[in-house]
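Per-entry structural report
So the chains spell out like this:
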Amino acid sequence: VRNVLLRGLRADPAIEVVGITGIGIALGIAASEVSVLDDSTFTTPAIAVTASVPILLFAAVRKDRRFYAVFACAAALVATWLWLASFEVRLWEAYTIPAAVLALLAGYLMRDSEPAPSSWASFGPGLVIGLLPSLWLVIADGGTMRAVLLGLAATSVVAVGAVARLQAPFVL
């Protein structure tokens, strides 16, 4: 990450540093709002982090600044979690599925590189993030609806993995 950041900063260091500093200040203000306010008030930080996403995406338009897209995805994920927390969503899958989708998308994009990584390296983390927390809840609580939905999700993952001839979805 350090080398990518340093390569990106060579293009125009003043503008890059100002942009990174501005986003850092906005996220710092958002973090301070979370620590000052009670646990149920996450709206202000959610707005601040959500506002940083298009700025980061706009910065990622140039080829030498593509790494900003990674930060934009991370900010979008954190913003999603903050919005869910502000509406007091208590369903675990609401928090894990967006992270799993991002991890699976990253794995899919990694498969285009040379040499292509194994399906374990590409899709394993996303599948673990998406399926294991729900499996743990099914084992701990024994809810039937969650178990049925988890079984359907796991079956569809195996089917997609079999069609694509991938090992990780089948074994997990």
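Structure shown above.
Our subject in this report is the structure included herewith. (Residues numbered from 1 in each chain as written. Predicted model: local features only at pLDDT ≥ 70, side-chain atom pairs only at ≥ 80, totals over all residues. Heavy atoms only, no water.)

This brings us to the side chain of Ser-52. Topologically, Ser-52 is positioned in helix H3 (residues 43-59). In terms of polar contacts, Ser-52 uses its side chain to reach the backbone carbonyl oxygen of Val-49, at 2.6 Å. (Helix = DSSP H or I, 4+ residues; strand = E, 2+ residues; numbered from the N terminus. Polar contact = N/O pair within 3.5 Å; in protein donor to acceptor, adjacent residues only side chain to side chain.)

Here Ala-106 is to be found in helix H5 (residues 92-110). In this structure the C-alpha to C-alpha distance between Ala-106 and Phe-123, which are 17 residues apart in sequence, comes to 8.5 Å.

Moving on, we come to H5. One turn of an α-helix holds 3.6 residues; hence residues three or four places apart share an orientation. Helix length check: H5 (19 residues) gives 27 Å between terminal C-alpha atoms against 27 Å at 1.5 Å per residue, within 8%. Buried within H5 are the following residues: Glu-93, Thr-96, Ala-99, Ala-100 and Gly-107. All buried residues of H5 fall inside an arc of 140° around its axis, so they share one side. Across from the buried face of H5, at angles greater than 90 degrees, the exposed residues are Tyr-108 and Leu-109. The inward-facing, buried residues of H5 contact helix H4 (68-86), helix H6 (119-141) and helix H7 (144-163). (Expected span 1.5 Å × (residues − 1). Buried < 20%, exposed > 50% of the residue type's maximum accessible area, 1.4 Å probe, protein only. Arc of directions from axis to C-beta. Contact = heavy atoms within 4.5 Å.)

All right, on to the packing of H6 against H7 then. Axis separation between H6 and H7 bottoms out at 10 Å; the angle between their running directions is 150°. Of the possible angle classes, the one that applies to H6 and H7 is roughly antiparallel. Note on packing geometry: the crossing formed by H6 with H7 is left-handed. Residue-level contacts link Leu-127, Leu-131, Ser-134, Leu-135, Leu-137 and Val-138 of H6 to Arg-146, Ala-147, Leu-150, Ala-153 and Val-157 of H7. Among the residues making up the contact of H6 with H7, the classes are represented as nine nonpolar, one polar and one charged. (Axes fitted to C-alpha atoms, helices over the stretch in contact; angles between N-to-C directions. Parallel < 35°, antiparallel > 145°, perpendicular 65-115°, else oblique. Left-handed = near helix turned anticlockwise from the far one by under 90°. Nonpolar A, V, L, I, M, F, W, Y, C, P; charged D, E, K, R; others polar.)

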